[in-house]
Structures are given as C-alpha cells and as structure tokens.
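# Structure assessment
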Amino acid sequence: MALNLQARAILWAQWRSWRNVLPRARRGSLLLAAVGSLVWYGLWILGAVASVLFLSETTDRERAYSFLAGGLMIALLYWQLLPVLMVSTGASLEIKKLLVYPIPHSELFQLELLLRFSNGLEMLILLSGMSLGLALSPVLNAWLAGFFLPFLAFNLFLAAGVRQTLIRFFSQNKTREWIVFLLALLATVPQLALLVERSDHLFELWRSVPSAVWPWTATAHLVTGDLVWSNWIAMIGWLAASYAFGRWMFEKGLRFDEDAARARAEPAATACWTDWLFQWPHLWLRDPLAVLVEKELRSLFRSPAFRLLFLMGFTFGVLIWFPMRYRGSFSPDRFFVIVCVYAILLLSDTLIWNYFGFDRGATAWYFLAPVGFGDVVIAKNIAAVALVVFELGMITVVCFLAGLIQSWQAVLDGYLVSLTILVYLLGIGNWSSLKYPRPSDPNRSWRRGNPGRFRFLLLLIYPLLGAPFAFAYFAREVWESNSLFYAIVGALAALGAGCYGFFLETALNMAREEKESFLRELAETETPISSLLQG
Amino acid sequence: MDSLPAIRITQLRKLYGAKAAVDGLNLTVPRGCFFGFLGPNGAGKTTTIKMLMGLAPPTSGAIEILGLPMPQAENEIKARIGLVPDETLLFEQLTGLEFLQFVGRMYGLARSIARERAVELLHLFELDGASGQLVGEYSKGMRKRLAMAASMIHRPELFLMDEPFEGVDAVGARMMKNLLLEQVRRGATVFLTSHVLEVVERLCDRVAIIHQGKLIMESSMADLRLGGETLEDLFVRAIGGERRREALEWL
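Looking now at the state of the cysteines. Working definition: the covalent bond between the sulfur atoms of two cysteines is a disulfide. Residue and element names in this part refer to chain A. Following the criterion strictly, the structure yields zero disulfides over all chains and no others. Left unpaired, Cys340 is separated from the closest cysteine sulfur, that of Cys399, by 7.2 Å. Taking the relative accessible area as the measure of exposure, Cys340 reaches 0% and is therefore buried.

Once that is clear, we can look at the sheet that holds strand β5 (residues 68-70) of chain B. Two modes of strand pairing occur in sheets, parallel and antiparallel, and in both the strands are linked by backbone hydrogen bonds. Residue and element names in this part refer to chain B. Strand order across the open sheet formed by four strands is β2-β1-β4-β5, with antiparallel pairing between neighbours. The open sheet has two free edges, formed respectively by β2 (19-29) and β5, since each of these has just one partner strand. Neighbouring strand axes in the sheet, compared pairwise and without regard to direction, differ in orientation by 25° on average. Here five bridges tie strand β1 (residues 7-16) to strand β4 (residues 60-65), and the two strands are oriented antiparallel to one another.

Ranked by internal contacts, the top residues of the largest apolar core, which has 148 residues, are Tyr101(A), Phe99(B), Leu100(B), Phe102(B), Phe125(B) and Phe191(B). Apart from the residues lying within four places of it in its own chain, the contact partners of Tyr101(A) are Asn75(B), Lys78(B), Phe91(B), Phe99(B), Phe102(B), Val103(B), Met106(B) and Tyr107(B). With 73 residues, the next largest nonpolar core counts Val318(A), Ala343(A), Val411(A) and Leu434(A) among its residues.

Attention now goes to the pairing of strand β8 (residues 189-193) of chain B. Residue and element names in this part refer to chain B. Burial analysis of β8 places five of its five residues in the buried class, which makes it a mostly covered element. Here β8 shows no split at all, with Thr189, Phe191 and Thr193 on one side and Val190 and Leu192 on the other all buried. Alignment of strand β3 (residues 34-38) against β8, held across four bridges, turns out to be parallel. Its bridge partner being in β8, Gly36 is matched across the sheet by Leu192. Two elements, strand β7 (residues 158-162) and β8, share five bridges in a ladder whose sense is parallel.

About the criteria used
Residues numbered from 1 in each chain as written. Chains lettered and ligands numbered in written order. Predicted model: local features only at pLDDT ≥ 70, side-chain atom pairs only at ≥ 80, totals over all residues. Heavy atoms only, no water. Disulfide = S-S within 2.5 Å. Buried < 20%, exposed > 50% of the residue type's maximum accessible area, 1.4 Å probe, protein only. Pairing = 2+ DSSP bridges. Helix = DSSP H or I, 4+ residues; strand = E, 2+ residues; numbered from the N terminus. Axes fitted to C-alpha atoms, helices over the stretch in contact; angles between N-to-C directions. Core = buried A, V, L, I, M, F, W, Y, C linked by side-chain atoms within 4.5 Å. Contact = heavy atoms within 4.5 Å.

See below:
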C-alpha cells in the first residue's frame, strides 16, 4: 500500500480537524479565534517581512549573521516548545492510534515527521521570509537558503524525539504534574536571573561558547556564506544527533505500554497515614455535611489539576512576586497579602468558579440522593475554605523560612483580607458554578474550567473586588490608623456575608429551576481537543 | 490457507508489573465462526483483544491470525481485519462522514470509493442524520455504531470487537447483530467480547470464558445446550459468582 495515499489521508483528516473547530464555535468565540489568529500569524508575517527588508538592505555580513542567528534560535525554541505545550495541555497526537491501520512500521516515523512539519506553519513563514531576504540581498546568495533545509530537518527530528519523550513522561499523572510544575517555575527564572548580581558573568559565559557550536549559529554561518569546516561539522553533527535521538525516542514510544507503566507506578491503594487529614470534618460536622466535605477533600487532593495549582500557590506564587518586592515596587508588608490573594486566584478555577465541572460525575447523584442541594453547595464551600486556609498556612511557612515575613501583623492582615475576599468569591462562585457549568477533566493538569463568557465577567469582578481592599490599605497609610483599616475590612466582611447569602439563595433557586440544562451542560464531553489529529 | 484457523493463540501471557493480565492463554477460533469471548470485569478480555490488534505486545506466547504470525506479518493481518475497539481510538474532531472516509483511505480505498462507502454505511447504521456532527458529540451508542461501520468499510475477513453492543439501543443492536450474522454467512469470522450473555448465547457458535487471565472453559454452543444450562448459569458457576451472595445477610 502506498504511503502517499495514507499520508494524504492523515493530512486531510488533520486539516478537517482544525477546520471543524471553527464553524461549530459560538459566534463570540469564533470572532475571538479569528482576531487571535490574525494577530498571531500577523506577527509571524511581520517577522518574515522584517527579515526580507533587513536582509535585502544590509551590506554587512556580520549584521546579517547576527540577525539570522537570533531568528533561527527563536524558530528552534518555538518549534521545540510546541510539543511541550501540546502534550502538557492534552492536545496531543498519538501516533499509536494509527497502529491499528496497516501502515508499514518503517513509514510511521515519516508520518510523525510529516505531522511535526504541519505543526510548524509559523516557522515556515519565518524561514520563507529569511529565504526571500537572502534572494534579494546585495551581499548574500539565494542558493545559500538551501542550508535552511538541514536546519528544518534537525528541528523536525528533535521535535519528534521531544514529543515522544514527553508523552511517555506525561502518561503518568505524577510525572506530568512535576513536569508542568517545573515548566511553570521556569517562567520565574528570567525575572529572578535579573536580580542575581552575577548575571553578567552568566552572560559572559554564554558568549564565550564558540559561535559555531549551536545549531542556529552554525546554520546562520553557512547561510551567510561562511563555509568553513567547523560550521559543516557542527551542522552535520546536530543533524545526526537529532535524527538518532528522534528515531530512538520514537521507536521507544511505539513500544511503550502505558498500562504496564501505570501498573508499575501505582501501588495498590491502602490505608494511608494521611487519612486523618480528610476525616477532620467528622469532628465538627454531622453527616451528610461531614461526609460531603470529606468527599470534596479526598477528590480534590486526588485531582492532578488541583494538586498542581495548590503546589504552585506557595512556590510559584512566592517566586513570581518576589522580584517586585525586591525592587520595591510595593511596600514589603504588602508582599504577604499579595501572594495569598494570588494563591486564591490560582485555586479559584477548581474551588470556586466551576466546582461542579470537576465533579460532574457526582453532580446528577446530588440531585438523586436524599441530601439537600444546599448541603452540597455549603460542603463545597467549607472544603474550599479549609483548603485555602491550608494554602495560606503553607505560604506562611515558606515566607517565614525564606525570611520574607515583614511582621506578624502583615501576616494577620494577609489572612483577614484573603479570607474576606474569599467570602465574596465563594458567593459569586456558587452562582457561576450553576450558571456557567462546564465539564473539566481533573486529570489534566493544565486545563481550565471557566467558560468563555464568564472569563469576561472575571475581568470586571477581580478589580471591583480588589478596589475596596486597596482602599483599606490606602486609608491606613494616609490616616495612619490601624483601627480604620480593620473597620473597613470588618465592614467589607459583613457586606461579604450578605453577598454570600444572596448568591447562595440565587444558586439554590437556579439549581431547582434550571436543573435539566445544568446537568445537560455538565454531561457534554469535554472540548474534544485531545483527539488523534490535533497534534 | 483457508483451512487454517482465523485465530490461534498459544501460551499467551501479558504481565503488568507483577500481575498477569493474561496468563498462558491457549485458544483456537475456526474460520467462519461467531466466537464469544467472555469474562468478568478485569478478566483479561480487552488485553487479549489489544494483543490481537497489535496494540499491546505480549510478554510471551504466540499469536497467529488468518494463518499469519503476529507481529511478523502485522500489516498484512491489519489489512484483513476489522476492528471495533474501545472508544479512545475514534477521532473526535472529525465528523462521522469524515471519520469513515479517513478509515477507508487508511485501508487503501480510493478517495471516491471511500466516500461512497462511508455514505452508504452511515445510512445502513442509521447515522446519516448525524453525518455532519463531530464524533466527539456522538452518544455512546452512536460511537459504537460508527466504530462498527468503520470496521466494515474494507470488507474484512475477521472482525475483532470489544463490547460492540455496549450503550446501543435495542433497534440498533438488532441491526448490528443481523449485519454480523450476514458477515459470518459470507465466510467472515467474528470474535467479540460482551457482557450481554443473552446476545452471545443467541449469536455465537462457540464461546470461551476467561477469568483472572486464564481460560477456564471453551465449548461450542451446541454442546452447552445439550447440558441444559443457560450460558448465564454456566458463566456464574465457572467464575464462582454464586458464593458472593452469602456475606450480606442484612440485604
């Protein structure tokens, strides 16, 4: 059977999959997607046009080299980052699904490369611009653009290898969580690096590496006509190494048995010493509230999406705000409360805005069981408060150990403000969880549960909620009165309690009146992104 | 070649960690047979089917399909079998029509023929009203019907089906059963797993029961009927299900 027939079918199906996303989306989402695509591809086209203009005008080979080396490095980073994003968000292709069809084993790798190629439209735009620039250049030759081909092949091989490696790692929830967590922490590195006094030394070290060593510099040298042997060797070496890596990881990925790996990784469930963590509700509450809270705590801690956000709250959250505190962007005693509120915002998708989305399997049961729906909602709120308090405790410990606590009064203020904000959020969250339910996968670490319409509302809710608390801090500073601060926060808390009661009542009415549509929304499958041909 | 069995499994074993999902399975499925492969949940049925499909490599043992060794002649085998796997192998972002066309082309059909057959199959499986709908939006029963339609598009000699009637309504199930019986009449072999014992009893010529990875019984339906027992009685007796009632006196 000819490969080209199957390859054509796969590319056709991939194109159809992409196209199918659009006509079915709501009008608002469609418009957003269109504007987003326009801006995104417009930027890449702009980059390509800039390449044409720059290369067609410059007569300085050295400048052309620097420009190309920078552009190729961006291309490489983007092309290699793409599989990371695809796999971490679950929108990944599994070539293993094609194994049920009669495709010769030797040709599977070619198909994988073809699919990696079709994912890199942005890179093709950029490389096309560079090639055209070379053709129009007064000092460079058009045929030198041929050296982009080994660079392209290098990227495809590497992307295939990176992707397979990630799929294997990500097939286990715990590993996936750690990788996503580390990736999130990486986002703080540039900011933190700027704070390190010796960052100049690191930059010097980077510059001291011979410029022919890297794949982008070797390619840029060759493309600008610097055809010395060291550039040839570097390019051929990278190409051979990426092919070996890509092929090896691909073959390993095909042989990889997910069930077997899971069986090895997951020991049989046994009673655990941490069990008491989940049983405390029975000390203070009566059933069914106690058992509902216990169920919430157990479910959330078993959800990778929640665990990741919880972990990020007291690690990533502290790191991301630290540089601003260090630079004096805000008063040091505000640092604690900012980190606490940020942690609550991180947890809000799972705990507040769409809590039935993570629990959709059980939601119909809540309506069937002889339990008041109000108990269910309150149990979810109690669990949310308990987990937020736990998170605040972890932040306190981390900040204390890192010497970031300015005063214990700042900590107390942080707790007061965060918990008062939480009362408002829980109230609105009870309404939004019933008004805008959306199925979410608790196993996907990086998927959000908020429906698009509600995201717009959030843009209003957060500043509106934050403003009175900012005013409380402002009033304390201007009038130098702690009492005034606590009075304002106290008044806000009282108002928050009223707001909570109002929204709870509204939510319970909605649960009675719109039960059918609510359950129907939750019964829908999650956005079908994780299909085969999305890679 | 046609005198060789459709499936011959010898000492097949699949380990997941220390646990044997399939443990020394020996099985022969004659050609032109409607074969029911039964077992309780977690018995090893799906793992066996996955190994037959080439989706999971066996830890040890040998598989021969249509007289050809697996995995040595994997592609030749795959081109001659039709699969109704679990739902995860469907492509949710394609419409029903596009999915069938895609499968047809993957089996080497020309584009026009794949489209023609896809339209006919959608009509046959009463999915023509949903042909433009995304597979991700299909109900469970619709997905099973679509999967069965896809398994037929290249007119295979052997069908491997994992719970093909799960979630399918009575009318749909009747139509699917009749279609499968027609396939057997034309000489194809059907190997299916199902929890619905009445269906298996009515359709199958032979059955095998697997429990904890081991084959505990294999027989023709005719022999079973001679014993006077229903398949359900036999199944429950074979896996020791009767004993479980004893503990819960309060019930």
